[in-house]
Amino acid sequence: MDRLTNIFIIAASIWIGVQAIGLIFFYDSFDVPYFAVGIDPELLDEFRHRTVMPAFYLTMLYFVVRYFSGRNPTSPIWPIFVSYSAWTLTLFISFFTMGIHTISVVFFIITTLGILLVRRAHNKRKNEIF
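Overview of the structure. (Residues numbered from 1 in each chain as written. Predicted model: local features only at pLDDT ≥ 70, side-chain atom pairs only at ≥ 80, totals over all residues. Heavy atoms only, no water.)

Quick word on the side chain of Thr111
Short version of the rule: Each helix corresponds to a stretch of at least 4 residues labelled H or I by DSSP, and each strand to a stretch of at least 2 residues labelled E; elements are numbered beginning at the N terminus. The buried label applies to any residue whose accessible area, calculated with a 1.4 Å probe on protein chains only, is under 20% of its type's maximum; exposed applies above 50%, and partly exposed to all values in between. Throughout, a residue-residue contact means that at least one pair of heavy atoms, one from each residue, lies within 4.5 Å.
Tracing the sequence through the fold places Thr111 in helix H4 (residues 102-129). Residue Thr111 is classed as buried on the basis of its relative accessible area of 2%. Ignoring sequence-local partners within four residues, the contact set of Thr111 consists of Tyr84, Trp87, Thr88 and Leu91.

Looking at helix H2 (residues 41-68)
Residues spaced three or four apart along an α-helix point in a common direction, a consequence of the helix completing one turn every 3.6 residues. Convention followed: What a helix is expected to span follows from its residue count: subtract one and scale by 1.5 Å. To get the bend at a given residue, fit one axis to the seven residues ending there, fit another to the seven starting there, and take the angle between those axes.
A rise of 1.5 Å per residue sets the reference length of H2, with its 28 residues, at 40 Å; its end C-alpha atoms lie 40 Å apart and thus fit the reference within 8%. A bend of about 30° at Arg48 is the largest found in H2. Buried within H2 we find Leu43, Leu44, Phe47, Arg48, Thr51, Ala55, Thr59 and Arg66. With its phi angle positive at about 80°, Gly70 sits one or two positions after the end of H2.

Here's the deal with the environment of Leu113
Summarising the element assignment, Leu113 is placed in helix H4. Here Leu113 falls in the partly exposed class, since its relative accessible area comes to 41%. C-alpha of Leu113 to C-alpha of Phe8: the two residues are 105 residues apart in sequence and 9.1 Å apart in space.

Description of helix H1 (residues 2-25)
Under the 1.5 Å per step criterion, the end-to-end length of H1 is 34 Å for 24 residues, consistent within 8% with the ideal 34 Å. Inspection of H1 places Thr5, Phe8, Ala12, Gln19 and Gly22 among the buried residues, and these make up the whole buried set.

Points about the nonpolar core
The following threshold applies: Put simply, a nonpolar core is a bunch of buried Ala, Val, Leu, Ile, Met, Phe, Trp, Tyr and Cys residues held in one set by side-chain atoms that sit within 4.5 Å of each other.
Residues Phe8, Ala12, Ile77, Trp78, Phe81, Val82, Tyr84, Ile115, Leu117, Val118 and Ala121 constitute the largest nonpolar core, which totals 11 residues. Counting 10 residues, the second largest nonpolar core, distinct from the first, contains Leu43, Trp87, Leu91 and Met98.

Re the side chain of Thr51
When you line up the elements, Thr51 lands in helix H2. Judged by relative accessible area, which is 0%, Thr51 ranks as buried. Sequence-distant contacts of Thr51, defined by excluding residues within four places in its chain, comprise Trp87, Thr90, Leu91 and Ser94.

Some details on the packing of aromatic side chains
Put simply, the rule is: Planes of paired rings set the category: under 30 degrees apart is stacked, over 60 is edge-to-face and the rest tilted, where pairs are Phe, Tyr or Trp rings (Trp by its six-membered ring) whose centres lie within 6.5 Å.
Taken as a whole, this structure holds 12 aromatic pairs when the rule is applied. With a centroid separation of 5.3 Å and an interplanar angle of 80°, the aromatic rings of Phe92 and Phe96 are classed as edge-to-face. Pair noted here: Phe92 and Phe96 are both in helix H3 (residues 78-97), with a separation of four residues, about one helical turn. When its relative accessible area of 40% is taken as the criterion, Phe92 is described as partly exposed. Through successive ring pairs, a cluster of aromatic residues spans Phe92, Phe95, Phe96 and Phe108.

This is the structure in structure tokens:
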């Protein structure tokens, strides 16, 4: 299971890096963000604004609240777990606000698997810190 967790985190990191570089430097020529071939660009734009952006802000809000409460992350992988959880929550809400689309279902399944793997890795790592 550790190997599966590592493979998932490496693949997710590569995907996130490609998306970040593509959207920052090549936004106009980055025609198909999220590797969604054959999906309406307006739907992708709405998907981004209803899931990715709110997940980013929920993640930041979580860590601001945690900072003011004086608590630190319990393992180095905890921020990844929080960001995946926020994105999964916004994807779930998008089923009701946007309708069910292939891209939403695929990413919901991927992030749910990611949450399970990262949570397991967190549980193993938090015991190593103390």
